[in-house]
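Descriptive analysis of the structure
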Amino acid sequence: GVPPGPAEYLRYYVRTRLTATMNAFVLRPSEFTRLTNNVVCDKLGGFFSRACTILATQGVDTAPDPPESLRGLGEFIDRTETLVSEARTTAAVDTVQSYFDHAHGLISEGELYDDPDAADRRVLTAAVANGLALLAPVMPGRVATYNVFESWSPDRIPARVPPGTPLDHDTGRWEKID
């Protein structure tokens, strides 16, 4: 059979192109490759790689208590829930991509990268968990492979990882396509 990576990349691509009627759908190989490499691997996979590296470097081996605030990420989670309930798939995927843009920004613009304190580590851990939960309906195989939380399944949004859940920092890479 087809490995889960390419099949899930295609599923993600289709979800970004869904319209009210599927009569307008056209598979464009170059666009599929660009979206997979630039958005799925670089943006989404890149966030998980950066976040997990920071958590490992900071010695976060178990999930901490949830943060008091998600620093703006909550609005993307709420909006995605609403869009999914309204069957607005393309808009939901766009919102998920915006979640990852904001999550990357939290790392780049804040002290999450250089000198995260306990509150920063809680936010980063929650950002990873919610990112996994947001992607699970579209890319369940990828999420299962790159889930850093042992014995936890991202089956609801917002995600709640029990404090003390062990983390496995070896998440691998999101493979690009040619």
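Read on for a plain summary of the structure. (Residues numbered from 1 in each chain as written. Predicted model: local features only at pLDDT ≥ 70, side-chain atom pairs only at ≥ 80, totals over all residues. Heavy atoms only, no water.)

Digging into the packing of helix α3 (residues 73-85) against helix α4 (residues 89-109)
Let me state the cut-off plainly: To get an axis, fit a line to the C-alpha atoms, keeping to the stretch in contact for a helix; angles then go from 0 to 180 degrees between the N-to-C directions. Per the convention used, a helix needs a DSSP run of H or I reaching at least four residues, while a strand needs a run of E reaching at least two, with both numbered from the N terminus. Each angle gets one of four labels, with under 35 degrees taken as roughly parallel, over 145 as roughly antiparallel, 65 to 115 as roughly perpendicular, and the rest as oblique. Whether two residues touch is decided by their heavy atoms; if any such pair falls within 4.5 Å, the residues are in contact. Asp, Glu, Lys and Arg are counted as charged, while Ala, Val, Leu, Ile, Met, Phe, Trp, Tyr, Cys and Pro are counted as nonpolar; the rest, among them Gly, fall into the polar class.
Look at α3 against α4: their axes get within 9 Å of each other, and the N-to-C directions meet at 170 degrees. Between α3 and α4, the interaxial angle falls into the category roughly antiparallel. Together, Leu-73, Phe-76, Ile-77, Arg-79, Thr-80, Leu-83 and Val-84 of α3 and Ala-91, Ala-92, Thr-95, Val-96, Ser-98, Tyr-99, His-102, Ala-103 and Leu-106 of α4 make up the contact between the two elements. When its residues are assigned to classes, the contact of α3 with α4 shows eleven nonpolar, four polar and one charged.

Concerning helix α5 (residues 118-135)
Put simply, the test is: Multiplying 1.5 Å by the helix residue count minus one yields the expected span of that helix. Think of it in three bands: residues with accessible area under 20% of the maximum for their type are buried, residues over 50% are exposed, and the middle band is partly exposed, with areas taken using a 1.4 Å probe on protein chains only. Each polar contact in these results corresponds to two N or O atoms within 3.5 Å; when the atoms are within protein, one needs to be able to donate a hydrogen and the other to accept it, and residues that are neighboring in sequence are counted only if both atoms are side-chain atoms.
Here α5 contains 18 residues, and its C-alpha end-to-end distance of 26 Å stays within 8% of the 26 Å for a straight helix at 1.5 Å per residue. A large share of α5 lies buried, amounting to 14 of its 18 residues. A distance of 3.1 Å separates the backbone nitrogen of Ala-119 from a side-chain oxygen at the start of α5, and that oxygen is part of Asp-117.

Observations regarding the nonpolar core
Threshold: Remark: nonpolar core denotes a set of buried residues (Ala, Val, Leu, Ile, Met, Phe, Trp, Tyr, Cys) joined through side-chain atoms within 4.5 Å.
Counting 50 residues, the largest nonpolar core has Tyr-12, Phe-47, Leu-135, Phe-149 and Trp-174 as the members making the most contacts within it. Going through the elements one at a time, α1 (4-17), α2 (29-57), α3, α4, α5 and α6 (140-146) are the ones with two or more residues in this core. A total of twelve residues in this core trace back to one element, the largest contributor, which is α2. Setting aside residues up to four positions removed in sequence, Trp-174 forms contacts with Tyr-9, Val-40, Cys-41, Gly-45, Phe-48, Leu-135, Met-139, Arg-142 and Tyr-146.

Things to note about the environment of Val-40
Turning to its location among the elements, Val-40 is positioned in helix α2. A sequence separation of 100 residues divides Val-40 from Pro-140, and the C-alpha atoms of the two residues are 14 Å apart. Aside from chain neighbours lying at most four places away, what touches Val-40 is Tyr-9, Tyr-12, Leu-35, Gly-45, Met-139 and Trp-174.

Some points on the packing of aromatic side chains
As a reminder, the rule being used: Each Phe, Tyr or Trp ring, with Trp reduced to its six-membered ring, pairs with another whose centre is within 6.5 Å; inter-plane angles below 30 degrees give stacked pairs, above 60 give edge-to-face pairs, and intermediate values give tilted ones.
Taken as a whole, this structure holds six aromatic pairs when the rule is applied. Here Phe-47 and Phe-100 contribute two aromatic rings whose centre-to-centre distance is 5.7 Å and whose plane-to-plane angle is 70 degrees, an arrangement assigned as edge-to-face. In this pair, Phe-47 is assigned in helix α2 and Phe-100 in helix α4, connecting sequence segments 53 residues apart. When its relative accessible area of 0% is taken as the criterion, Phe-47 is described as buried. A ring pair is formed by Phe-48 and Phe-100, whose centres lie 5.5 Å apart and whose planes are at 70 degrees; its orientation type is edge-to-face. Note that Phe-48 is positioned in helix α2 and Phe-100 in helix α4, a separation of 52 residues in sequence.

Distances and angles like these do not, on their own, reveal function.
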